[in-house]
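Descriptive analysis of the structure
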Amino acid sequence: MREELLPPAPVLPSRRHLLSIGDLTALDVERLLDTARSFELSLEREVKKLPTLRGRTVVNVFYESSTRTSASFELAAKRLSADTLSIRAAGSSVDKGESLKDTALTLGAYEPDVIVIRHPQIGAPHLVARLTRARIVNAGDGTHQHPTQALLDLHALRGAFGRLEGLHVAIVGDVSHSRVARSLVQALALVGAHVTLVGPATLIPRGIEALGCEIAHEIEAIGAADVVYVLRLQHERMQAGASFVPSLREYTARWGITPARLRPGQRVMHPGPMNRGVEIDPRVADAPDALIEAQVRAGLVVRMAVLYDLLTTSPAGVREASAAEVA
Ligand code: CP
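Remember, it's a predicted structure, so these values are computed and weren't measured experimentally.

What counts, and where the lines are drawn
- Residues numbered from 1 in each chain as written.
- Predicted model: local features only at pLDDT ≥ 70, side-chain atom pairs only at ≥ 80, totals over all residues.
- Heavy atoms only, no water.
- Helix = DSSP H or I, 4+ residues; strand = E, 2+ residues; numbered from the N terminus.
- Buried < 20%, exposed > 50% of the residue type's maximum accessible area, 1.4 Å probe, protein only.
- Contact = heavy atoms within 4.5 Å.
- Expected span 1.5 Å × (residues − 1).
- Polar contact = N/O pair within 3.5 Å; in protein donor to acceptor, adjacent residues only side chain to side chain.
- Phe/Tyr/Trp six-rings, centres within 6.5 Å; stacked < 30°, edge-to-face > 60°.
- Pairing = 2+ DSSP bridges.
- Axes fitted to C-alpha atoms, helices over the stretch in contact; angles between N-to-C directions.
- 1 Å grid on protein atoms, 1.4 Å probe; cavity = no way out; pocket = protein on both sides within 12 Å on 5 of 7 lines; lining within 4 Å.
- Points joined across faces, edges and corners; volume = space filled by probe spheres on them.
- Nonpolar A, V, L, I, M, F, W, Y, C, P; charged D, E, K, R; others polar.
- Domains from an automatic or database assignment.
- Parallel < 35°, antiparallel > 145°, perpendicular 65-115°, else oblique.
- Left-handed = near helix turned anticlockwise from the far one by under 90°.
- Near = heavy atom within 4 Å.
- Areas by Shrake-Rupley, 256 points an atom, 1.4 Å probe, with all protein chains shown as cover.
- Sits in = over half its atoms within 2 Å of the grid points.

**A look at the side chain of Thr-103**
Mapped onto the fold, Thr-103 is located in helix H3 (residues 100–108). Look at Thr-103 and you get buried, because its relative accessible area is 9%. For Thr-103, the residues in contact, after removing those within four places along its chain, are Tyr-63, Val-94 and Glu-98.

Spelled out as structure tokens, the structure:
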């Protein structure tokens, strides 16, 4: 039987989880980014493994495809000496009809400290948080949230600009089907950055201004931004048969990010995976000042910071371990 997952019910904060950017304060974000920076410095050493989470267990469960998020969470846990267990829905007992509830109860019986979960349905990580004693990290639930992506984007931005407050970020493309956009708009608002969502009216949800951003339906609006953050068309989350753009060719012609559409000094980001030649011109993706590779690198240290933070910080945001453990 299919579980009823909508809407996500609040999860009581007896343990710290990371289900949404909405769980975080500006101070939480600052602490996480500072911790990520400490880990970044530690990874410059010849021996990259830290003993910090020895004896802890991190389970990664991915019900949707992933390259960056799944690889970086696994590597992050290993860099911190945690035991890891990674499960993909394909090839697991999900193929035999096992429900999310039974999978969560089964994995919970192994007493993991953290469960990282990606699932196509909104609210799946909230359900697992209620069914197990683990700390839960939302690695993407439907069109809802992808909080670690937003945090790694902040980390990459702070590395490139040396600040976050006052930056102007234009997020371009399919906002309607993007959990990345929702999380990032909230995260940028928390740190005092300015956001403009740019795209056709069919791909920008009504009322999203309430998250703290502006909307523009002309591509020229990117001209005012410091950063152009490109989203792909997320066909896998569009209803079958629904049409949001006249054709891919027309979308690229009107909304694709090309060198001619950028002004000198603008930096380009993309969460990946990219559809080169559709939403982003390969010359933009491969430009030396693009931040796309910096985002991937940020993914590792930010996810190390998130795992560390969940296991060492109280729900009120008080760190219970010494900073020396990080360095
Ligand atoms: N950005 C992102 O979530 O990438 P993956 O789907 O490869 O994890």
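From this point, things continue past the structure.
**Digging into helix H6 (residues 179–190)**
Between its terminal C-alpha atoms H6 stretches 17 Å, which fits the 16 Å expected from twelve residues at 1.5 Å a residue. By the criterion of burial, H6 is predominantly enclosed, with nine of the twelve residues buried. Taken together, the buried positions of H6 are occupied by Arg-179, Val-180, Ala-181, Arg-182, Ser-183, Leu-184, Val-185, Ala-187 and Leu-188. Buried positions along H6 lie against strand E3 (114–119), strand E4 (135–141), helix H5 (147–161), strand E5 (168–172), strand E6 (194–198) and strand E8 (227–230). One side-chain oxygen at the N-terminal end of H6 lies 3.3 Å from the backbone nitrogen of Val-180; it belongs to Ser-178. Where H6 terminates, the next one or two residues include Gly-192, which has phi positive at roughly 85°.

**Examining the packing of aromatic side chains**
A ring pair, where both rings are aromatic, is described by two values, the distance of the centres and the angle of the planes. For the structure on display, the rule yields one aromatic pair. Consider the rings of Phe-39 and Tyr-308, whose centres lie 5.8 Å apart with planes at 80°: the pair is edge-to-face. One end of the pair, Phe-39, is in helix H1 (residues 26–42); the other, Tyr-308, is in helix H9 (residues 292–312), with 269 residues separating them in the sequence. With a relative accessible area of 0%, Tyr-308 lands in the buried category.

**Here's the deal with the sheet that holds strand E2 (residues 83–88)**
Strand pairing in a sheet takes place through backbone hydrogen bonds and is either antiparallel or parallel in direction. Taken together, four strands build an open sheet; the order of strands is E2-E1-E3-E4 and the sheet is parallel. Looking at which strands have only one partner, the edges of the open sheet turn out to be E2 and E4. Each strand axis lies, on average, 10° off the axis of its neighbour in the sheet, ignoring direction. Bridge count for E3 against E4 is five bridges, and the pairing is parallel. By the bridge assignment for E4, Val-116 is matched with Val-137.

**Points about the layout of surface pockets**
Here the largest pocket defines a volume of roughly 380 Å³. Lining the largest pocket are 20 residues; nearest its centre among them are Arg-118, Arg-179, Arg-232, Gly-272 and Pro-273. Contributions of two or more residues to the lining of the largest pocket are made by helix H2 (68–79) and H6. A per-class count over the lining of the largest pocket returns four nonpolar, nine polar and seven charged. For the lining of the largest pocket, the two domains that each supply at least three residues are domain 1 (21–146 + 297–313) and domain 2 (147–295).

**Here's the deal with the packing of H3 against helix H4 (residues 124–131)**
It is the contact of H3 with H4, at a shortest axis distance of 9 Å, that shows an interaxial angle of 45°. One way to sum up the angle between H3 and H4 is to call them oblique. Relative to H4, H3 is oriented so that their crossing is right-handed. Here H3 contributes Leu-100, Lys-101, Ala-104 and Leu-105 to the contact with H4, which in turn contributes Ala-124, Leu-127, Val-128 and Leu-131. For the contact of H3 with H4, a count of residues per class yields seven nonpolar, no polar and one charged.

**A word on the sheet that holds E5**
The strand order E7-E6-E5-E8-E9 describes an open sheet built from five strands, whose pairing is parallel. Looking at which strands have only one partner, the edges of the open sheet turn out to be strand E7 (214–216) and strand E9 (267–269). Each strand of the sheet is rotated relative to its neighbour by a mean of 25°, with strand direction disregarded. Both E5 and E8 contribute to a ladder of four bridges, which runs parallel. Residue pairing across strands places Ala-170 opposite Val-228, the latter belonging to E8.

**Overview of the site of the ligand**
Looking at the ligand, the residues that line it are Ser-66, Thr-67, Arg-68, Thr-69, Arg-118, His-146, Gln-149, Pro-271 and Gly-272. At a separation of 3.0 Å, a nitrogen atom of the ligand approaches a polar side-chain atom of Gln-149. Within the backbone of Gly-272, one N or O atom sits 3.2 Å away from a nitrogen atom of the ligand. Taking 250 Å² as the accessible area of the ligand by itself, protein coverage stands at 91%. Here the ligand occupies the largest pocket.

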